[in-house]
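Chain residues, written in single-letter form:
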Amino acid sequence: MKRYGIKDYDELLKRALDDPDWFWDELARELEWFQPYQNVLKWDVPHAEWFCGGKFNITHNALDRHVQSWRKNKVAYIWEGELGQVKKMTYQELYRRVNQMANALRGLGVGRGDRVAIYLPMILELPIAMLACAKIGAVHSVVFSGFWAKAFKERANDAKVKVAITVDGFYRRGKVIPLKENVDKVLDDIPSLEKLIVVRHADCQVQMKNGRDLWWDEIIKNQERECPTEVMNSEDPLFILYTSGTTGKPKGVVHVHGGYAVGIYTTLKMVFDLKDEDIWWCAADIGWITGHSYIVYAPLLMGATSVMYEGAPDYPEPDRLWQIIEEYGVSVFYTAPTTIRMFMKHGEKWPQKHDLSSLRLLGSVGEPINPEAWMWYHKHIGNRQCPIMDTWWQTETGMHLITPLPITSLKPGSAVKPFPTVEADVVDDDGKSVTEGGGHLVIKTPWPAMFRTLYKDPERYVDAYWSRFPDMYLSGDVARVDEEGYFWIQGREDDVLNVAGHRISTAEVESALVSYDAVAEAAVVGKPDPVKGEEICSFITLKEGFKPSPRMKHLLREHVREEIGPVASPACVNFVDDLPKTRSGKIMRRVIKAKVKGDDVGDISTLANPEAVDELDNAL
Ligand code: WT7
């Protein structure tokens, strides 16, 4: 700001909004381009091309560039396992491991545009595998390790992956989760799959299939430590990340090399003000967009040192996170409100056992942070001195879109204002700005890290996000703007749940439930929960010949766990004889939702079976 004579935050926002090309061009120049771009942006709503004509590779910028500089011997990751093991990996070491893996993948015939599924927990091989794919121009699709085999299969088949990478097992709350054994059940149903690479981590017994399964350590052992980087176009795809939509079918969100890199680099730099001497810890899972952007790519683009932790935040005791902050002197810490609320419950005696004075800045992401949690975080973790960056964004946006900067005045519970160059608004059903009360949160300008399409589904890209209001991106969230222009995000307006910061579609859980042979119909809604934000609450009608029982509840929960993963297993299972329906037979989720929340059910005159509403009361 000094360089451009910009005196304050408001002037920065104004200058950036007036001339977004100037803003992004300045920042893009901080990265290395094999060939410069001709235009910053071509925008033909809803199709954007950023840094057109530029030749670029994100791995070159995340690694190759740093090993040419003094950062070569700087630690890129401090990794801590759940059992307490510690590994520190410098940029040079990471560069070599990535090159070896990239060579190994090339040796397996993986090249530009080929898809690779990565099904790994929070171990260093996860960023290594992602960066290796990017280096050779392959497109990675990371599947969260908390999803179970069938969810993996569905995603791997949609992307038609050639190679998949997994692990023998990993640790969670002291138990070994046998990921390879789990995925073995579905591998024969993924016809495009040629090879499975397995990382040795938990030393549990696995069956390796001849000709298909390969050990990670064996295939990289004799590989060269250098590997030519594929010269990509700015707009070439970098990864697909599946996320929940309003239907049961997950959406394959596609991000690209150039604009994505510039967007996440800029936001990490400006929102978290990272300096070379900082220790950065984004305590999310790489299986979600937060980890892709702010554990893997952005910190490496900046040449930062990051902490990466394998296990559960409260294991073996509720001070694990605070112990890690103290041990490594974490200075900037980024987590989710659900985690904060969980620690509020355990009490301040846990953080008080640790010296957290290294912290200078905090962050929050994933769901609205309630003012009580904000205050607790501020007081007990930040010692009343650290500003909290409440960052609103999504898998689709790739980068923070509504967020404060460290120079902004904060209001607890507000994500403050759009990032420079971004124009956000809250509109009514006709697309008109609303000045009072809530409405649809929309974005009116393109941004570099925006997703470019939905994989193999360009129509859904247009329909789901750009067709409701002309020239506006529909976020799916409800928000309100106060008189000072501060944004207050209230949550999803569609049938997507936010359970402990995990995005889960009610339709996906419903279809898992009805795939169980005893179930006739299922309705799933979110139930407010003081810690998790929302809990998954299901209502079930059983087929003839099946009876409700505690065992049946248990079986249904287990079934969803197998179908999707532990994160989607419903907290409550309620059996009813009938679900409230319209005359055309559609389940009235609105009515069920109101009942669960204890709200007034409103107009139920269109119901075919009003007595089903009373039955909900009995079930609850
Ligand atoms: C949804 C996107 C972006 C990384 C994590 C989730 C909710 C996200 C905030 C925030 C209020 C938030 C929204 C959004 N959300 N950040 N700071 N305040 N709500 O990514 O899985 O794509 O979920 O998370 O509802 O639509 P995601």
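Please read all numbers here as calculations on a predicted model, not as lab measurements. Starting afresh in each chain, residues are numbered from 1 along the sequence in its written order. Predicted model: local features are reported for residues with pLDDT of at least 70 only, side-chain atom pairs are reported and counted for 80 or more only, and whole-chain, interface and lining totals are derived from all residues. Only hydrogens and water are set aside; all other atoms, that is, all heavy atoms of the structure, feed into the side-chain values.

A.B. asks: An account of the pairing of strand E11 (residues 195-199) is needed here, citing residue identities and associated values.
C.D. replies: We call a residue buried when its accessible area falls under 20% of the maximum for its residue type, exposed when it is over 50%, and partly exposed in between, using a 1.4 Å probe and counting protein chains only. Numbering of helices and strands starts at the N terminus; helices are DSSP runs of H or I of at least 4 residues and strands are runs of E of at least 2. Most of E11 sits out of view: 4 of its 5 residues are buried. One bridge is not enough; two strands pair if DSSP finds at least two bridges between them. Two strands pair when backbone bridges link them, and strand E8 (residues 163-167) and E11 are joined in this way by 5 bridges, in the parallel orientation. Its bridge partner lying in E11, Ile165 is registered against Ile197. Summarising the sheet, E11 and strand E12 (residues 213-215) pair through 3 bridges and their orientation is parallel. For Ile197, the partnering residue across the bridge sits in E12 and is Leu214.

A.B. asks: Give a detailed account of the UniProt feature "domain: Acetyl-coenzyme A synthetase N-terminal" (unreviewed entry) in the chain, specifying residues and quantitative values.
C.D. replies: UniProt positions are given in the numbering used here, feature names are shortened, and annotations may be inferred rather than shown by experiment. In this numbering, the UniProt entry assigns the feature "domain: Acetyl-coenzyme A synthetase N-terminal" (unreviewed entry) to residues 9-62. The span residues 9-62 carries 44% helix and 26% strand; its end-to-end C-alpha distance comes to 29 Å.

A.B. asks: Got a sec to walk through the sheet that holds strand E15 (residues 251-256)? Specific residues and values, please.
C.D. replies: A sheet is described by the order of its strands in space; here 8 strands give the open sequence E12-E11-E8-E6-E7-E14-E15-E23, paired in mixed fashion. Each edge of the open sheet carries a strand with a single partner, namely E12 and strand E23 (453-454). Relative to strand E14 (residues 237-243), strand E7 (residues 139-142) is paired through 2 bridges, and the arrangement is parallel. Along E14, the bridge assignment pairs Ser141 with Ile240. Together, strand E6 (115-118), E7, E8, E11 and E14 form the strand contacts of helix H5 (residues 125-135), whose direction differs from that of E6 by roughly 175 degrees. Throughout, a contact is declared for two residues whenever any of their heavy atoms are within 4.5 Å. Note on method: axes are straight lines fitted to C-alpha atoms, helices fitted across the in-contact stretch only, with angles between N-to-C directions ranging 0 to 180 degrees. Each of E6, E8 and E14 touches helix H6 (residues 149-159); the most contacted strand, E14, lies at about 145 degrees to it.

A.B. asks: Go over unusual backbone geometry with me, naming the residues and quoting the values.
C.D. replies: The omega torsion across Val45 and Pro46 is 0 degrees, close enough to zero to call that bond cis. As for its placement among the helices and strands, Pro46 is situated in the loop between strand E1 (39-44) and strand E2 (47-52). In this structure, the amide linkage connecting Tyr315 to the following residue, Pro316, adopts the cis form with an omega of -5 degrees. Following the sequence through the fold, Pro316 ends up in the loop between strand E17 (305-309) and helix H11 (320-328). Non-glycine residue Asp471 carries a positive phi angle of around 65 degrees. Residues other than glycine seldom take positive phi values, yet Ala500 does so here, at roughly 50 degrees. For Ala500, a relative accessible area of 24% corresponds to the partly exposed category.

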